[in-house]
Amino acid sequence: MPEKVVIIGSGPAGWTAAIYAARAGLTPLVFEGALTPDNQDKGTLPLGQLNLTTEVENFPGWPFVDNAALGQFAKSALPAERYVNVQHNYEGKRAHQGKRAAFGPELMEFMRQQALNFGTRIITDDIAEVDFGKHPFKLKQLEGPTHEALAVIVATGARANYLGLPSETRFKNNGVSACAVCDGALPRFKSKPLVVVGGGDSAIEEASYLTKFASQVYLIHRRDQLRASKIMQQRALEHPRITIKWNRVVDEVLGSDEAGVTGVRLKSTADGTKEELECTGMFLGIGHTPNTAFLKGQLELDAAGYIVWTTKHRTFTSVEGVFSAGDVSDSHYRQAVTAAGTGCMAALDAERWLAEKGW
Ligand code: NAP
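To start, this report covers the structure provided alongside it. (Residues numbered from 1 in each chain as written. Predicted model: local features only at pLDDT ≥ 70, side-chain atom pairs only at ≥ 80, totals over all residues. Heavy atoms only, no water.)

Here's the deal with a positive patch on the surface
Then comes step 1: The grouping of Arg222, Arg223, Arg227 and Arg334 at the surface amounts to a positive patch.
Then comes step 2: Within the fold, Arg222 resides in the loop between β12 (216-220) and α9 (230-238).
Then comes step 3: Judged by relative accessible area, Arg222 falls into the exposed class, the value being 59%. (Patch = residues over 30% accessible without salt bridge, like charges linked within 9 Å, V, L, I, M, F, W, Y side chains within 5 Å. Areas by Shrake-Rupley, 256 points an atom, 1.4 Å probe, with all protein chains shown as cover. Salt bridge = Lys/Arg side-chain N within 4 Å of Asp/Glu carboxyl O. Lys, Arg positive; Asp, Glu negative; His and termini not counted. Charge placed at Lys NZ, Arg CZ, Asp CG, Glu CD. Helix = DSSP H or I, 4+ residues; strand = E, 2+ residues; numbered from the N terminus. Buried < 20%, exposed > 50% of the residue type's maximum accessible area, 1.4 Å probe, protein only.)

Take a look at the structure:
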């Protein structure tokens, strides 16, 4: 028997779609992603990009709350085997003190649990290939069988971009990172100067976070104006340990195999002059690429690889019965709350489509 609804992806879009589909009695099957070194490297592990962030201050319904109270909430909401993933926030040496916004990883655990509570089934693997040419649709697991589905919701999100310099690749995991939250606390970054590349919200978020560890954070931006929201700009401009290097790009990452990153060579976008900056790490905050490689030739994608919605205000894709939600089809808003919103839309669209077909 084919699955009624398969959801691919486990960020806010995927879990919201699952909550709605499960409550509609569709017992959705979610492929939450594989725990592979490749996914770790690309930043596409289960629970999506929010799982790689710190405080989420703009998700409605989550004002600052006392850390201990949040710990009690987490303990009550999650089973023991999932509570361990967030326990360090509330207990032990790394426990936060006082009030704070919810952290991305705990929000994701709560969303996952909410979907499970209504009967969602979860497989911790990627869908590596799809065949949307015939119905029921076929979905091949990376490390498992091929599944059939009547409706599919793609919510695979997007991942962080890199500059593409050979020296950057050489020092990946040896000073080069696209995730301050994952790597910022490593000893090599402690009390050392660090650089963050980019001028958007992500770059400033990374830079602010890294000030906890670094002696100094240099934000390298290719223009003379930040792209980030006003409140984030203010945060960067006013922070005593963030220095913005305007009109510059990274020309080369410097270092050795033993020491890893020891500096960067910057190039002025104004006059081409070069300078070297000492640092032990370079963090990227330069935008994203949608996770759609496995969909090429199966769904209409735009020039940047995002899934195209073919009908205004609907989550319909170029294949009837396949819907998409979240960052995988949104190069514009890219917010957790908009991803969750479109996840809800996709589940409602799928439910109505299945009902129309009498399935
Ligand atoms: P973004 O807004 O697209 O910004 C990317 C930045 O990287 C831009 O400043 C861009 O420069 C720069 N850049 C791109 N390619 C580059 C290259 N090859 N070399 C050097 N610089 C390069 O991406 P984002 O910061 O990831 O944010 C994406 C979305 O998520 C936004 O809607 C943002 O508001 C949201 N977001 C929100 C929060 C929050 O509210 N807390 C946190 C993170 C992200 P130019 O400016 O010159 O184009």
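Text resumes after the structure shown.
A few points about the site of the ligand
Then comes step 1: Taken together, the neighbourhood of the ligand is formed by 19 residues, with Asp201, Ser202, Arg223, Arg227 and His288 sitting nearest.
Then comes step 2: Asp201 has a polar side-chain atom sitting 2.5 Å from an oxygen atom of the ligand.
Then comes step 3: Arg227 has a polar side-chain atom sitting 2.7 Å from an oxygen atom of the ligand.
Then comes step 4: Across the complex, the protein chains shield 78% of the 910 Å² of accessible surface that the ligand would expose by itself. (Near = heavy atom within 4 Å. Polar contact = N/O pair within 3.5 Å; in protein donor to acceptor, adjacent residues only side chain to side chain.)

Quick notes on the nonpolar core
Then comes step 1: Membership of the largest hydrophobic core comes to 33 residues, with the highest contact counts inside it found for Trp15 and Ile153.
Then comes step 2: Of all elements in the fold, only β1 (3-8), α1 (12-23), α5 (104-117), β8 (146-154) and α10 (336-357) reach the threshold of two or more residues within this core.
Then comes step 3: Here Ile153 is in contact with Val5, Val6, Ile7, Ile8, Ala17, Phe323, Ala346, Ala347 and Ala350, once residues within four sequence places are set aside. (Core = buried A, V, L, I, M, F, W, Y, C linked by side-chain atoms within 4.5 Å. Contact = heavy atoms within 4.5 Å.)

A word on the packing of aromatic side chains
Then comes step 1: In this structure the tally under the stated criterion is 10 aromatic pairs.
Then comes step 2: When the centroid spacing of 5.8 Å and the interplanar angle of 20° are considered together, the rings of Trp62 and Phe110 count as stacked. Remark: Phe110 occurs in helix α5 and Trp62 occurs in the loop between α2 (37-42) and β3 (65-66); sequence separation between them is 48 residues.
Then comes step 3: Taking relative accessible area as the criterion, Phe110 reaches 10% and is therefore assigned buried.
Then comes step 4: Taken together through their ring pairs, the aromatic side chains of Phe316, Phe323, Trp353 and Trp359 make up a single cluster.
Then comes step 5: Just above the ring of Phe103 sits the side chain of Arg100; from NZ or CZ to the centre is 3.8 Å.
Then comes step 6: One residue, Lys172, lies across the ring of Tyr162, its end atom 4.0 Å from the ring centre. (Phe/Tyr/Trp six-rings, centres within 6.5 Å; stacked < 30°, edge-to-face > 60°. Lys NZ or Arg CZ within 6 Å of the ring centre and 35° of its normal.)

Topic: the pairing of β12
Then comes step 1: Within β12, five of the five residues are buried, which leaves the element mostly enclosed by the surrounding structure.
Then comes step 2: Residues Gln216, Tyr218 and Ile220 point to one face of β12 and Val217 and Leu219 to the other, with burial holding for every one of them.
Then comes step 3: Two strands pair when backbone bridges link them, and strand β11 (residues 193-197) and β12 are joined in this way by five bridges, in the parallel orientation. Each bridged residue has a counterpart across the sheet, and for Val195 the counterpart in β12 is Tyr218.
Then comes step 4: In this region the chain leaves β11, passes through helix α8 (residues 201-210) and returns to the parallel neighbour β12; the handedness of that crossover is right-handed.
Then comes step 5: One ladder, built from four bridges, connects β12 with strand β13 (residues 242-245); its direction is parallel. Directly across from Tyr218, in β13, lies its bridge partner Thr243.
Then comes step 6: Assessed by its sense of winding, the connection that carries the chain from β12 through α9 to β13 is right-handed. (Pairing = 2+ DSSP bridges. Right-handed = clockwise from strand over helix to strand, strands pointing away.)

Some words on the pattern of salt bridges
Side chains that differ in charge, positive against negative, can pair when their charged atoms come close.
Then comes step 1: Summed over the entire model, instances satisfying the criterion amount to 16 salt bridges.
Then comes step 2: For Glu91, the salt bridge is made with Lys75, and the minimal N-O distance between the two is 3.8 Å. With Glu91 in the loop between α4 (80-83) and β4 (99-100) and Lys75 in helix α3 (residues 67-77), this residue pair connects regions lying 16 residues apart in the sequence.
Then comes step 3: For Glu91, a relative accessible area of 34% translates into the label partly exposed.
Then comes step 4: A salt bridge links Lys357 to Glu320; its shortest N-O distance comes to 3.1 Å. In this pair, Lys357 sits in helix α10 while Glu320 sits in the loop between β18 (288-290) and β19 (322-324), placing the two residues 37 residues apart along the sequence.
Then comes step 5: Relative accessible area serves as the criterion here: at 40%, Lys357 is assigned to the partly exposed category.
Then comes step 6: Given a relative accessible area of 51%, Glu320 falls into the exposed group.
Then comes step 7: In the salt-bridge network here, residues are joined through shared partners; they are Asp251, Glu252, Arg265 and Lys274.

Some remarks on the sheet that holds strand β14 (residues 248-256)
Strands belonging to one sheet form pairs held by backbone hydrogen bonds; the direction of such a pair is parallel or antiparallel.
Then comes step 1: As summarised here, the arrangement of the three strands in space is β14-β15-β16, forming an open sheet in which the pairing is antiparallel. In the strand order of this sheet, the two ends are held by β14 and β16 (274-278), each with one partner. Direction aside, neighbouring strands of the sheet carry axes that sit 25° apart on average.
Then comes step 2: Of the pairings in the sheet, the one linking strand β15 (residues 260-268) to β16 comprises five bridges and is antiparallel in character. The residue bridging Arg265 from the neighbouring strand is Glu276, located in β16. (Axes fitted to C-alpha atoms, helices over the stretch in contact; angles between N-to-C directions.)

Side note on the sheet that holds β13
Then comes step 1: Reading across the sheet, the five strands line up as β10-β17-β11-β12-β13 and stay open at both edges, with parallel pairing between neighbours. Strands at the two margins of the open sheet, each flanked by one partner only, are β10 (176-177) and β13.
Then comes step 2: On the sheet, α8 packs against β11, β12, β13 and β17 (281-284) and is oriented at approximately 165° with respect to β11.

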